[in-house]
Amino acid sequence: MRNLIKFNVLLFVIASIAASCNKEKKEEISPISGKGIFILNNGNWNSNDACISFIDASTGATTTSAFETVNGIKLGDLGQDMYKAADGKIYIAVSNSKTIFITDSRLKLISSLQLDYSPRAFASDGKDVYVTLYEGYLGRIDNNAGQWKLSTTKVGPNPEGVAIADGKAWVANSGGYVTDGNGFNIYNNTVSVVDLSTFSETSTVTVNTNPKDVCAFNGYIYVSSLGNYYDIPAALQRIDPSSSTVADIDIDVPYALACDGKRLAVLCTGYDADWNLIPGCIYDIKSGEATPELLCSGIENAYSISLGKDGDSFVGTSDYLTEGKVILIDAEGEQLDSFESRGLNPIRVVDAR
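Definitions and limits used
Residues numbered from 1 in each chain as written. Predicted model: local features only at pLDDT ≥ 70, side-chain atom pairs only at ≥ 80, totals over all residues. Heavy atoms only, no water. Pairing = 2+ DSSP bridges. Helix = DSSP H or I, 4+ residues; strand = E, 2+ residues; numbered from the N terminus. Axes fitted to C-alpha atoms, helices over the stretch in contact; angles between N-to-C directions. Core = buried A, V, L, I, M, F, W, Y, C linked by side-chain atoms within 4.5 Å. Buried < 20%, exposed > 50% of the residue type's maximum accessible area, 1.4 Å probe, protein only. Contact = heavy atoms within 4.5 Å.

A. Summary view of the sheet that holds strand S9 (residues 129–133). Within the open sheet, the four strands sit side by side as S8-S9-S10-S11. Their pairing is antiparallel. The open sheet has two edge strands with one neighbour each: strand S8 (119–124) and strand S11 (147–154). For this sheet the average axis-to-axis angle between neighbouring strands, irrespective of direction, equals 30°. Across four bridges, S8 lies against S9 in antiparallel orientation.

Next comes the structure, spelled out in structure tokens:
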């Protein structure tokens, strides 16, 4: 009997070691390895089909639904934004699921925040990460000894983009879901200014109708606004933060902004008077320059823009019906490559390394 017990104990130890080795081996063969890009696909409303694809830079291989592959769970409904912080952590906003996922640089889940709000866009001051919440708030994500928490402050209706500069957050209040009772939208036209030291709104700046994206660049706050889709056109404007004065920038149908400190990229696309889609183009504003420079044009079904290394741009394309593509464009405006996004509506690209 004693020998039998010893034998069973030995089997248990061997099985435990084997399980441990298999676990380590599984982690070693994770599909998310090497350099490349992550593509966040927005998905379709109420379809629970938001996903992240990984493109390996060395092989060109694509890992579809990479977040689900790594973590064993779906991303959720409407992936709205993805942001890589300076420490390598990745923040993912899933708007309709009211969830923020926080992962390591390989998409391995660290924490998730289940919210009462719909997260939209991220920004950071280098210390904390901030997120707009569509119900009318700006959130600050705090990590105290591994305990991730969200604190909020009130801003305007249906905020979209946010930028951080000089201890302040600049929040675009779209008013996209505000109606007059007859089903007609009453879009907002303000940018909230939030003092980060007190975490409260101190003022608002009036801009064009339906502001969407905000970027802090070269000492100014740039705002793209979509207008009311009727008699108020889209516009690109620049706020002087020292005086809150607003200047218009001469550019047609601005749709989305992206900036990295060295340059500001403006994706222009929209519809003509007959509701035909206008091919997209990219304008660049480089540090020290006030006026945009046309980088490239003729991009079919342009949907989103993200910035890569060395002046590259990633343009997501979508027809809202089929899986999109991501086009890589270099600093000279030349198309270098095109990737299948393996999801609907590619909305954000971040570096993976």
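B. The pairing of strand S23 (residues 293–299), seen in detail. For strand S22 (residues 277–286) and S23, the ladder comprises five bridges, and the chain directions are antiparallel. Opposite Ile282, over in S23, you have Cys296 as the bridge partner. Connecting the antiparallel pair S22 and S23 is a turn made up of six residues, with Gly288 showing a positive phi of about 90°.

C. Examining the sheet that holds strand S17 (residues 220–225) more closely. Spatial ordering of the open sheet is given by S16-S17-S18-S19, a layout of four strands whose pairing is antiparallel. Every other strand in the sheet has two partners, leaving strand S16 (211–217) and strand S19 (245–249) as the edge strands with one partner each. Averaged over neighbouring strand pairs, the angle between their axes works out to 25° when direction is ignored. Note that S16 and S17 share six bridges and pair antiparallel. Along S17, the bridge assignment pairs Asp213 with Ser224.

D. Focus on the nonpolar core. Within the largest apolar cluster, 20 residues are counted, with the highest numbers of intra-cluster contacts made by Phe38, Ile52, Leu75, Met82 and Ile92. If near-sequence neighbours (up to four positions away) are discounted, Ile52 is found in contact with Phe38, Ile39, Leu40, Thr63, Thr64, Ser65, Ala66, Phe67, Leu75, Met82, Ile92 and Leu107. Ala256, Leu267, Ile282 and Ile299 belong to the second largest nonpolar core, which has 14 residues in total.

E. Focus on unusual backbone geometry. In this structure, Asn46 is a non-glycine residue whose phi angle is positive, near 60°. Among the structural elements, Asn46 can be located in the loop between strand S1 (36–41) and strand S2 (51–56). A positive phi angle is found at Tyr229, which is not glycine, with a value near 65°. Looking at the element boundaries, Tyr229 is found in the loop between S17 and strand S18 (235–240). Using a relative accessible area of 46% as the deciding quantity, one classes Tyr229 as partly exposed.

F. Molecular detail of the environment of Gly175. For Gly175, the position within the fold is in the loop between strand S13 (168–173) and strand S14 (190–195). The class of Gly175 is buried, set by a relative accessible area of 0%. C-alpha separation for the pair Gly175 and Thr190, spaced 15 residues apart in sequence, amounts to 9.2 Å. Discounting residues that sit within four places of it in the chain, Gly175 has contacts with Pro157, Asn158, Ile186, Tyr187 and Asn188.

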